[in-house]
Amino acid sequence: MANQKSDEYPVIWLQGAGCTGCSVSLLNAASPSIKNLLIDELIPGKHISLRFHPTVMAGAGVKAIEAMEETEKKGGHILVVEGAIPADGAFGSVGEKKGKPVSIPSRLESLAQNAMAVIALGTCASFGGIPAANPNPAQCLSVAQALKNKSITTLVINVPGCPPHPDWFMGTVASILLWGLPKEEELDEFRRPKAFYGKLIHEHCPRRAYYDEMKFAKKLSAPGCLYELGCKGPITYADCPLRQWNNGVNWCVNSGGMCIGCVEPGFPDLMSPIYQKMASQPEKKEV
Ligand code: FSX
Ligand code: SF4
Ligand code: SF4
């Protein structure tokens, strides 16, 4: 259990345009579990204090917003953002000020100003993801782009995945608690921690021998490499084949599906049509 000598890291969790799958994925964390994260010391002598989370907090209404704003005023918190940032106005708000709803972008702006760091959790927050897919009706942006537009320079760490693996989030937070903010060389060109996103799926895939022998599956769940059915493993960087999902039970390719490139910038447009062989290797750009 966290004790009085334990260093406390306040965390505010903001939800924008997403499906809450990122939170659900984290709730399924096995080791450490969500209980370890919220109640125990994530690493000896250090624990996080989750001050605001729309899905899991017991509080609601004005009191919950006050708790968030008090934390914001003190500064130094870790801001976790789940979901893309829609245009100002009618697409979503978080609490009120003087009886008027506070839009998601304006809430992001004030919460990010004094934060120690921003973790953009999930592909929507990291790169725009599904809400920003063509025709992007709510004009969604990634967190990094939304902050850049407002000249806010707080460090943004992208932890993409639709949804992200719980370990990718836990590991990123644990690393901040242990060693402080990541150094530039620990993040890739899309601000993803290399520790989790440094390996190409295709290089560690158990079906790779089929690919090398050009033995391609004709349908999903059949043996063989899934490349001709549309697998995006050759352009996707994540450690899924090694880490696996659901507490190490299985992962997309091994379960007979394929990698749809869910951690990459431009997903899902760039990876579409999902169930079609890639015509060429698309160029990825941060949104
Ligand atoms: Fe996006 Fe989170 Fe995909 Fe969903 O809310 S990363 S749509 S799984 O869960 O933001
Ligand atoms: Fe590469 Fe996908 Fe084939 Fe695996 S199934 S070898 S990741 S193309
Ligand atoms: Fe996403 Fe591909 Fe990993 Fe599946 S294998 S979770 S689609 S990166």
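What counts, and where the lines are drawn
Residues numbered from 1 in each chain as written. Chains lettered and ligands numbered in written order. Predicted model: local features only at pLDDT ≥ 70, side-chain atom pairs only at ≥ 80, totals over all residues. Heavy atoms only, no water. 1 Å grid on protein atoms, 1.4 Å probe; cavity = no way out; pocket = protein on both sides within 12 Å on 5 of 7 lines; lining within 4 Å. Points joined across faces, edges and corners; volume = space filled by probe spheres on them. Nonpolar A, V, L, I, M, F, W, Y, C, P; charged D, E, K, R; others polar. Domains from an automatic or database assignment. Near = heavy atom within 4 Å. Pairing = 2+ DSSP bridges. Helix = DSSP H or I, 4+ residues; strand = E, 2+ residues; numbered from the N terminus. Axes fitted to C-alpha atoms, helices over the stretch in contact; angles between N-to-C directions. Contact = heavy atoms within 4.5 Å. Polar contact = N/O pair within 3.5 Å; in protein donor to acceptor, adjacent residues only side chain to side chain. Salt bridge = Lys/Arg side-chain N within 4 Å of Asp/Glu carboxyl O. Buried < 20%, exposed > 50% of the residue type's maximum accessible area, 1.4 Å probe, protein only.

With respect to the layout of surface pockets
Gaps left between atoms are located by rolling a probe of water-molecule size over the structure's atoms.
In step 1: Size it by volume and the largest pocket reaches roughly 260 Å³.
In step 2: Forming the walls of the largest pocket are 18 residues, and the residues nearest its centre are Cys240, Trp245, Cys252, Ile260 and Cys262.
In step 3: Grouping the amino acids of the lining of the largest pocket by side-chain chemistry returns 14 nonpolar, four polar and no charged.
In step 4: A domain split of the lining of the largest pocket shows at least three residues from each of domain 1 (7-196) and domain 2 (199-287).

Looking at the site of ligand 2
In step 1: Inspection of the region around ligand 2 gives 13 residues, with His202, Cys205, Cys225, Leu226 and Cys231 positioned closest.
In step 2: Looking at the shell around ligand 2 residue by residue, the class counts come to nine nonpolar, two polar and two charged.

Focus: the sheet that holds strand 1 (residues 7-15)
In step 1: Within the open sheet, the five strands sit side by side as 2-1-3-6-7. Their pairing is parallel. Strand pairing shows two members of the sheet lacking a second neighbour, strand 2 (46-52) and strand 7 (156-159), which therefore form its edges. Within the sheet, the average angular offset between the axes of one strand and its neighbour, ignoring direction, is 25 degrees.
In step 2: In this sheet, strand 3 (residues 78-82) lies alongside strand 1 in parallel orientation, the contact comprising five bridges. When the bridges of strand 3 are listed, Trp13 appears paired with Val80.
In step 3: Along the sheet face, helix 4 (residues 104-113) touches strand 1, strand 3 and strand 6 (117-121) and points at about 165 degrees away from the line of strand 1.

Describing the site of ligand 1
In step 1: The full set close to ligand 1 counts 13 residues, and Cys19, Gly21, Cys22, Cys124 and Cys162 are the nearest of them.
In step 2: Within the backbone of Cys22, an N or O atom sits 2.8 Å from an oxygen atom of ligand 1.
In step 3: In the model, an oxygen atom of ligand 1 is placed 2.9 Å from a nitrogen or oxygen of the Glu82 side chain.
In step 4: Those elements giving two or more residues to the shell around ligand 1 turn out to be helix 1 (21-27) and helix 5 (123-127).
In step 5: Here the residues of the shell around ligand 1 are counted per class, giving five nonpolar, seven polar and one charged.

Considerations on the pattern of salt bridges
One side chain can pair with another of opposite charge once the charged atoms of both are near each other.
In step 1: Within the structure shown, the criterion is met by twelve salt bridges.
In step 2: A salt bridge links Arg243 to Asp167, with the nearest nitrogen and oxygen atoms 3.0 Å apart. Pair noted here: Arg243 is in helix 11 (residues 240-243) and Asp167 is in helix 7 (residues 166-179), with a separation of 76 residues, a long-range link.
In step 3: Residue Asp167 is classed as partly exposed on the basis of its relative accessible area, which comes to 22%.
In step 4: Note that Asp188 is salt-bridged to Arg192, the shortest N-O span being 2.8 Å.
In step 5: Overall, the relative accessible area of 2% leaves Arg192 in the buried class.
In step 6: Salt bridges sharing partners connect three or more residues here, namely Glu69, Lys97 and Arg107.

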